Amino acid sequence: DLHKAIRRQRQMCIRDRYGHNESGKNTIVCDGNGSLTMYLRGEKMKYEGDECTKRHEQQHITDTYREYGRDCCKGKPFGFSITDDLHPKGEKMGKWQRWKSECEAYKITISCLKEKREKVCCQLSGEEKRDCEGYLDFKISNALGQKRT
């Protein structure tokens, strides 16, 4: 299920000081300078680039600041995960906050993918257009499934 996948994603995240994400998972972490940052795997998706991923992760940053305050990363090293490592209150991020954040983030992902389908695929023709539409429809379907989970 989504909760287990998220937990695995965070637990398996291998972080280094250069921001290169070796885990292959997109997440958010403290940047070592008191703020949250996106920790992306660096892959640009076929038709949407990395914009939808960035919008999704930005929602998590917004939600984390709302839940824990703007100083939640103060004094924390690069790679510190507010959602998995102990946060300032000495607890882990609650299941409800995480689910709520994922739900909001997937709404943004779905909206972004639909926007990309409309703007990118329409510029193509023939088989390339069908490939674009099929690819983004598949991604939208997956995101809808994640949102419902």
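So, here's what we can say about the structure. What you see is a predicted model, and the numbers here were worked out from it, not measured in a lab.

### So, the overall build of the chain
At step 1: On a plain count of helices and strands, the chain comes out with four helices and two strands.
At step 2: The order of α-helices and β-strands along the chain, N terminus first, is α-β-β-α-α-α.
At step 3: In the chain, which comprises 149 residues, the proportion classed as buried is 38%.
At step 4: For the chain, restricting intrachain contacts to residue pairs at least 6 apart in sequence, the fraction spanning at least 24 positions comes to 60%.

### Considerations on the state of the cysteines
At step 1: The tally for this structure, following the rule as stated, stands at three disulfides.
At step 2: Two residues share a disulfide in this structure: Cys52 and Cys112, whose sulfurs sit 2.1 Å from each other. The S-S bond linking Cys52 to Cys112 shows a torsion near -80°; that makes this disulfide left-handed. With Cys52 in helix 2 (residues 51-68) and Cys112 in helix 3 (residues 95-120), this pair connects stretches of sequence that are 60 residues apart.
At step 3: Once the disulfide-bonded cysteines of the chain are ranked by sequence position, their pairing pattern turns out to be 1-3, 2-4, 5-6.
At step 4: Take Cys122: it sits in no disulfide, and the sulfur closest to it among the cysteines is that of Cys121, at 7.8 Å.

### Topic: the packing of aromatic side chains
At step 1: Taken as a whole and judged by the stated rule, the model has two aromatic pairs.
At step 2: On the numbers, 5.6 Å between centres and 65° between planes, the contact of Tyr39 with Phe78 is edge-to-face. Taken together, the residues span a long stretch of sequence, with Tyr39 in strand 2 (residues 36-39) and Phe78 in the loop between helix 2 and helix 3 at a distance of 39 residues.
At step 3: Between Arg70 and the ring centre of Tyr65, over which it is positioned, the NZ or CZ distance is 3.9 Å.

### Regarding the pattern of salt bridges
At step 1: The full count for this structure, using the stated rule, is eight salt bridges.
At step 2: The residue Asp50 makes a salt bridge to Lys54 at a minimum N-O spacing of 3.5 Å.
At step 3: Since its relative accessible area comes to 18%, Asp50 is described here as buried.
At step 4: The partner of Asp137 in a salt bridge is Arg117, with the nearest N and O atoms 2.6 Å apart. Taken as a pair, Asp137 in helix 4 (residues 126-148) and Arg117 in helix 3 lie far apart in primary sequence, 20 residues in all.
At step 5: With relative accessibility at 28%, the residue Arg117 sits in the partly exposed group.
At step 6: Salt bridges sharing common partners tie together Glu51, Arg55, Glu115, Lys116 and Lys119.

Here is what the cut-offs are and how they apply
Starting afresh in each chain, residues are numbered from 1 along the sequence in its written order. Side-chain atom pairs in this predicted model are given and counted only at pLDDT of 80 or more, local residue features only at pLDDT of at least 70, and totals for whole chains, interfaces and linings cover all residues. Each side-chain value is derived from all of the structure's non-hydrogen atoms; neither hydrogens nor water enter the calculation. Put simply, DSSP H or I for four residues or longer makes a helix, DSSP E for two residues or longer makes a strand, and each gets a number counted from the N terminus. Summary of the burial criterion: residues with accessible area below 20% of their type's maximum are buried, those above 50% are exposed, and those between are partly exposed, where the area comes from a 1.4 Å probe applied to protein chains only. Two residues form a contact once any of their heavy atoms are found within 4.5 Å. Two cysteine sulfur atoms form a disulfide, by the criterion used here, when they sit within 2.5 Å. Only Phe, Tyr and Trp rings take part, Trp by its six-membered ring, and two of them pair if their centres are within 6.5 Å. Stacked means planes under 30 degrees apart, edge-to-face means over 60, and tilted covers everything else. We count a charge as sitting over a ring when the NZ of a lysine or the CZ of an arginine lies within 6 Å of the ring centre and within 35 degrees of the ring normal. The term salt bridge refers to a side-chain nitrogen of Lys or Arg lying within 4 Å of a carboxyl oxygen of Asp or Glu.

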